Amino acid sequence: MESPSVEGERGSVFSSATAMLKRPVVVILVAGLLIRFVLAPLFTYTYDIAHWAMVMEHIQAGFGLYEVPGYYYSPVWGYMLGSFSLFSGFVVDVHPMVSFFDVLLPAEDLWWYYFTPEVTTIGFNVFIKAPFILCDVIVGALVYYLVKERTGNEKKATFGFALWFLCPVVIYMSSVQAMFDTFAVLFLFLSALLMYKGRYFTGGAMLSLAIFAKFFPFYAVFPMLAYMVLKNRGDRAGMKRSILLGAAGLLIMTVVLHIPMILEGSLTDSLWFMLSRAGTAGTGGDGIKGLTESLGYMAVLLLQPLVFGLIIYLSYRLAKSEPEKADNNFFYCMLITTAAIFVWIPAPQYLMIIIVFLAYHIAVNDRRYLLPWALMTGGAAVFAFVMNNFSVLTSLAAYTGILDLEWVLGIMQWVQQPVFGVSSLFLLITVTGMIEAIGIWYIIVIWFRDKMKGGSPL
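Caption draft 1: Expanded view of the packing of helix α17 (residues 370–388) against helix α20 (residues 424–452). Close contact between α17 and α20 brings their axes to 8 Å; oriented N to C, the two are set at 155°. Judged by the angle between their axes, α17 and α20 are roughly antiparallel. As for how α17 packs across α20, the hand of that crossing is left-handed. For the contact of α17 with α20, a count of residues per class yields 18 nonpolar, 4 polar and 1 charged.

Caption draft 2: Expanded view of the nonpolar core. Residues W77, W164, F342 and I355 are the most contacted members of the largest nonpolar core, which totals 145 residues. Among all residues touching I355, those that are not within four sequence positions of it are L163, W164, C167, V169, V170, W373, M376 and T377.

Caption draft 3: Highlighting the packing of helix α3 (residues 46–60) against helix α5 (residues 122–151). Between α3 and α5, the shortest axis-to-axis distance is 11 Å and the interhelical angle comes to 85°. The angle between the axes of α3 and α5 places the two elements in the roughly perpendicular class. Where α3 abuts α5, its residues I49, W52, A53 and M56 lie against F124, N125, F127, I128 and K129. The residue inventory of the contact of α3 with α5, partitioned by class, reads 7 nonpolar, 1 polar and 1 charged.

Caption draft 4: Here's a closer look at the pattern of salt bridges. With the rule as written, the count across this model stands at 9 salt bridges. Of the charged contacts, one joins D181 and K214 as a salt bridge, the two residues approaching to 2.9 Å between their closest N and O atoms. On the criterion of sequence distance, the pair formed by D181 in helix α8 (residues 181–196) and K214 in the loop between α9 (200–211) and α10 (221–231) is long-range, its members being 33 residues apart. Overall, K214 belongs to the buried group, its relative accessible area being 8%. For K325, the salt bridge is made with E322, and the minimal N-O distance between the two is 3.8 Å. Here the residues in one salt-bridge network are R150, K231 and D327, joined through shared partners.

Caption draft 5: Up close: a nonpolar patch on the surface. Together, F201, I252, V255, V256, I259 and L263 make up an exposed nonpolar region whose accessible area comes to about 560 Å². Ranked by the residues each element gives to the nonpolar patch, the list is headed by helix α11 (residues 236–264), at 5 residues. Mapping F201 onto the fold places it in helix α9.

Caption draft 6: Layout of empty space enclosed by the protein. Counted according to the given criterion, the structure contains 2 cavities of 30 Å³ or more. Taken as a whole, the largest cavity encloses approximately 40 Å³ of empty space. T46, L104, A107, F115, T116, S391, T394 and M412 are the residues that line the largest cavity. If you add up the space inside the second largest cavity, you get close to 30 Å³. Along the walls of the second largest cavity sit L188, F216, P217, Y219, A220, M334, T337, T338, I341 and I353, which together make up its complete lining. Per-element accounting of the lining of the second largest cavity gives the leading share, 4 residues, to helix α15 (residues 326–341). Broken down by class, the residue content of the lining of the second largest cavity amounts to 8 nonpolar, 2 polar and no charged.

Parameters at a glance
- Residues numbered from 1 in each chain as written.
- Predicted model: local features only at pLDDT ≥ 70, side-chain atom pairs only at ≥ 80, totals over all residues.
- Heavy atoms only, no water.
- Axes fitted to C-alpha atoms, helices over the stretch in contact; angles between N-to-C directions.
- Helix = DSSP H or I, 4+ residues; strand = E, 2+ residues; numbered from the N terminus.
- Parallel < 35°, antiparallel > 145°, perpendicular 65-115°, else oblique.
- Left-handed = near helix turned anticlockwise from the far one by under 90°.
- Nonpolar A, V, L, I, M, F, W, Y, C, P; charged D, E, K, R; others polar.
- Core = buried A, V, L, I, M, F, W, Y, C linked by side-chain atoms within 4.5 Å.
- Buried < 20%, exposed > 50% of the residue type's maximum accessible area, 1.4 Å probe, protein only.
- Contact = heavy atoms within 4.5 Å.
- Salt bridge = Lys/Arg side-chain N within 4 Å of Asp/Glu carboxyl O.
- Patch = residues over 30% accessible without salt bridge, like charges linked within 9 Å, V, L, I, M, F, W, Y side chains within 5 Å.
- Areas by Shrake-Rupley, 256 points an atom, 1.4 Å probe, with all protein chains shown as cover.
- 1 Å grid on protein atoms, 1.4 Å probe; cavity = no way out; pocket = protein on both sides within 12 Å on 5 of 7 lines; lining within 4 Å.
- Points joined across faces, edges and corners; volume = space filled by probe spheres on them.

Any functional reading would require information beyond the geometric quantities listed.
Structure (structure tokens):
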């Protein structure tokens, strides 16, 4: 018979565990994970994941990232795929990763043709999505930590965590589409957090990882530079030291990332991947789709001077703001900067670098931004599904027999039927894309309106 002290100890541990499980942040974590774990095996947009499978197969065959066609990004995501490939070889076997199904060949001839007859297996889909889900948890934990540190309020920290972790487009991208922007978000937010902590060298290194995961975090160089100037106002030596440390971290990590490319002679492919993609991105269609793509890419290019001008202005205002409000103003500047980058209507996955700073700002400072959060994230999630539409069922149909592949193809074709001579999918993409865009623009509008009234810190 156990002593009362042992029984009491066990009761205390049980009570502590029960109290922990009842904490709202844990409930939100479990709910978010359950949603992801249900979606991950059932629904997959195989167009992107089939490319990840192909890159992993090339790596396993001994090829470098840019030695054979198929990898169109800067190196960070390629290195991650290489590590996943190594893990799959030694720990878990996910072969075969993908199979070809002739019945899906007509999908490549649809008006919206970003579909493939190569269908990834359910096992591979779950395997490749697991790191995305883990990354979502880590980013949410960082948001929770920062909000808690800035406010000392657990309810606000939990709210910030929920705005990220239960965000519909964040869930969709990790559990259905498996786009790696969440890793760029992790590195960018971690860079901002390290800058806030005064760790400029590691902050610069994380910024390099963010930039070479997805290029958009490059714009954050300007507010981060302004933040270092503001934090060291009146201390020229400290300012110089901080900037040099940040620059050193950025440059050293950039060199380290590109050593394999330098050794194999593919440095140009790595550094100029965005230019090569932009040069071919708008040439793939005729009619209204081709015209829309061309106009879209022209708008992106024409808006760049305005975007750069606004970000430089915001950074200047940050550098000139009150030192005692430096930290709060820095994260606000990061929010408006990331929103300004995407004043054009971007692909839904790009928005996640806005969402993380938006979640922080809503939780800490301003609930008015809940409306743009809802418009942007809800619109983006539906926008993403509309573009992927019922192709997300192809893995389920191909490998379980629950659905018929020909039926899936038929419903994909039905979605794209013309309405008044225009593809119904085009109309849906236009509407959902505009809802997403209104959410982004609304963030800028709130900042501008506050500025006109003298209530904005920037």
